[in-house]
Amino acid sequence: MSNGLGEAMDPFALKTLNAERRARRAAILVTDLGDGRDRVVKEGDAVAGDLGIAITKAFRTGLSGAVDAEGRQFFLNVHLPQPRLVVIGAVHISQALAPMAKIAGFPLEIIDPRTAFTSDERFPDVIHKAEWPEDVLKHCPLDRYAALAAITHDPKIDDWPLKSALDAGCFYVGALGSRKTHAKRVERLLAMGATPEQIERINAPIGLDISAANPAEIAVAILGQVISAFRSRGLGASARGEAA
Amino acid sequence: MPSTFLDDARDPLIIAEGWMKDGKDVAIATVVETWGSAPRPVGSHLVIDAGGTFHGSVSGGCVEGAVISEALDVIGSGKPKMLEFGVADETAWQVGLSCGGRIRVYVERLG
């Protein structure tokens, strides 16, 4: 298939890339701009040297671009799944969070079985489902590119999706409530089979500490924490500090 | 509202794969570099079949025509090309970006 100076795109590479994208998994198409060879690198694949460093950074930032490595020029086209923000609770915070999240590029969906809360009037421009989280998420399961914020304050509604988010490896899991409320929640989640390592992944009290004093400010704190978690996916605490 | 799932009807790379399955000859153009104000970000795709049908974009419509005609050459020869577009009077191409930016577009044949 070689054409001397440059090669055509390998159909297998395109099929592999599209399969990863359909499955909502991150992948980078790496093209050697010198000879035209393509290869698909999946998130977590080990790549050595300067190219590997550039690939790790590209997975984190989601930015495509040309890089020079090993004396060659490569083009990295980064395909990150569209992150999905699932909010359990059609409450005041969710009303503020919905437009903010949309602007920031995180399409949001609200799930709350309480029909008085989950109404078209209260949520005119956002996907909202007046159903139990168990029923909605069965059809549309959480994954590593989903964030889950449980903010109903009601264990009957919040607990199941929290456990489900931990099991799915969601990049962000947050739960509203004081430290005392959270301590009780931890006991219940442990009883549901969550591991201590999973419990550590829950952001509670929810949101960055910006001294938020009302629902809109709590929404800002949650969104900031979601973005921070998204940009440091799968990286240790040391690498997290390097993120711009 | 952006979907969290791929839009098969509008996604250029999904369309290109479908064309390939239908036995069509296909070229894929990709924005690999931009300078200044550029209408489409790095990584954007325009896909073209041998009949000149296309989906996606590499600019706001300013240079698509030129990219499509180059893509037809690439489909014929199989050799990738790197195209560069800037303000019209500074390039060999008789087209440019009215916004004053510059872009580099890589065009390759699929298979």
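Predicted model, so just to flag it, every value in this text is computed and none were measured.

Looking only at helices and strands, chain A features nine helices and ten strands. Overall, the C-alpha framework of chain A stretches about 65 × 35 × 35 Å when taken along its three principal axes. Within chain A, buried positions represent 39% of all 244 residues. By sequence separation, contacts in chain A at least 24 residues apart represent 56% of the contacts at least 6 residues apart.

Residues and elements named next belong to chain A. Taken in spatial order, the six strands of this open sheet run 7-6-5-8-9-10, and their pairing is parallel. This sheet does not close on itself; its edge strands, each paired only once, are strand 7 (127-129) and strand 10 (202-203). As paired elements, strand 9 (residues 172-175) and strand 10 share two bridges and run parallel to each other. Bridging from a neighbouring strand, Gly174 pairs with Asn203 of strand 10. The strands touched by helix 3 (residues 92-104) within the sheet are strand 5 (84-88) and strand 6 (108-111), with strand 6 carrying the most contacts at an inclination of about 160 degrees. Along the sheet face, helix 8 (residues 215-231) touches strand 5, strand 8 (146-150), strand 9 and strand 10 and points at about 155 degrees away from the line of strand 9.

Now for the interface of chain A and chain B. Counting residues at the interface gives 23 residues for chain A, matched by 24 residues for chain B. With seven residues, the single largest contributor to the side of chain A that touches chain B is helix 1 (residues 11-22) of chain A. The residue inventory of the side of chain A that touches chain B, partitioned by class, reads eleven nonpolar, eight polar and four charged.

Glancing now at helix 1 (residues 12-21) of chain B. Of the residues making up helix 1 of chain B, those classed as buried are B:Pro12, B:Leu13, B:Ile15, B:Ala16, B:Glu17 and B:Trp19. Summarising the contacts, the buried residues of helix 1 of chain B are in contact with helix 1 of chain A together with strand 1 (26-35), strand 2 (45-49), strand 3 (54-56) and strand 5 (102-110) of chain B. Two residues or fewer after helix 1 of chain B comes B:Gly23, characterised by a positive phi angle close to 85 degrees.

Closest axis-to-axis distance for the helix 1 of chain A/helix 1 of chain B pair is 10 Å, and the angle between their directions is 130 degrees. It follows that helix 1 of chain A is oblique to helix 1 of chain B by the angle criterion. As helix 1 of chain A packs across helix 1 of chain B, the resulting crossing turns out to be left-handed. For the pair helix 1 of chain A and helix 1 of chain B, contact is made by A:Pro11, A:Leu14, A:Lys15, A:Leu17 and A:Asn18 and by B:Leu13, B:Ile14, B:Ala16, B:Glu17 and B:Met20, respectively. Considered class by class, the residues forming the contact of helix 1 of chain A with helix 1 of chain B number seven nonpolar, one polar and two charged.

In this section: the UniProt feature "domain: XdhC- CoxI" (unreviewed entry) in chain B. Here the UniProt-annotated "domain: XdhC- CoxI" (unreviewed entry) positions come out as residues 19-86 of chain B. End C-alpha atoms of residues 19-86 of chain B are separated by 31 Å, and the span's content is 25% helix alongside 34% strand.

The next thing to look at is the confidence of the model for chain B. Averaged over chain B, the pLDDT score is 86; the fraction of residues at 70 or greater is 85%. Confidence estimates for the predicted assembly give a pTM of 0.81 and an ipTM of 0.86.

Another aspect to go through is the confidence of the model for chain A. Residues and elements named next belong to chain A. Mean pLDDT over chain A works out to 92, with 93% of the residues at or above the 70 mark. Averaged pLDDT values over the elements of chain A bottom out at 36 in helix 9 (residues 237-240) and peak at 98 in strand 9. A low-confidence stretch, residues 236-244 stays under pLDDT 50, and its non-local contacts, those more than four residues away or across chains, total five contacts.

Calculation criteria
- Residues numbered from 1 in each chain as written.
- Chains lettered and ligands numbered in written order.
- Predicted model: local features only at pLDDT ≥ 70, side-chain atom pairs only at ≥ 80, totals over all residues.
- Helix = DSSP H or I, 4+ residues; strand = E, 2+ residues; numbered from the N terminus.
- Buried ≥ 20, exposed ≤ 12 C-beta atoms within 10 Å, placed from the backbone.
- Contact = placed C-beta atoms within 7 Å.
- Pairing = 2+ DSSP bridges.
- Axes fitted to C-alpha atoms, helices over the stretch in contact; angles between N-to-C directions.
- Nonpolar A, V, L, I, M, F, W, Y, C, P; charged D, E, K, R; others polar.
- Parallel < 35°, antiparallel > 145°, perpendicular 65-115°, else oblique.
- Left-handed = near helix turned anticlockwise from the far one by under 90°.
- UniProt positions renumbered as here; feature names shortened; annotations may be inferred.
- pLDDT = per-residue confidence, 0-100.

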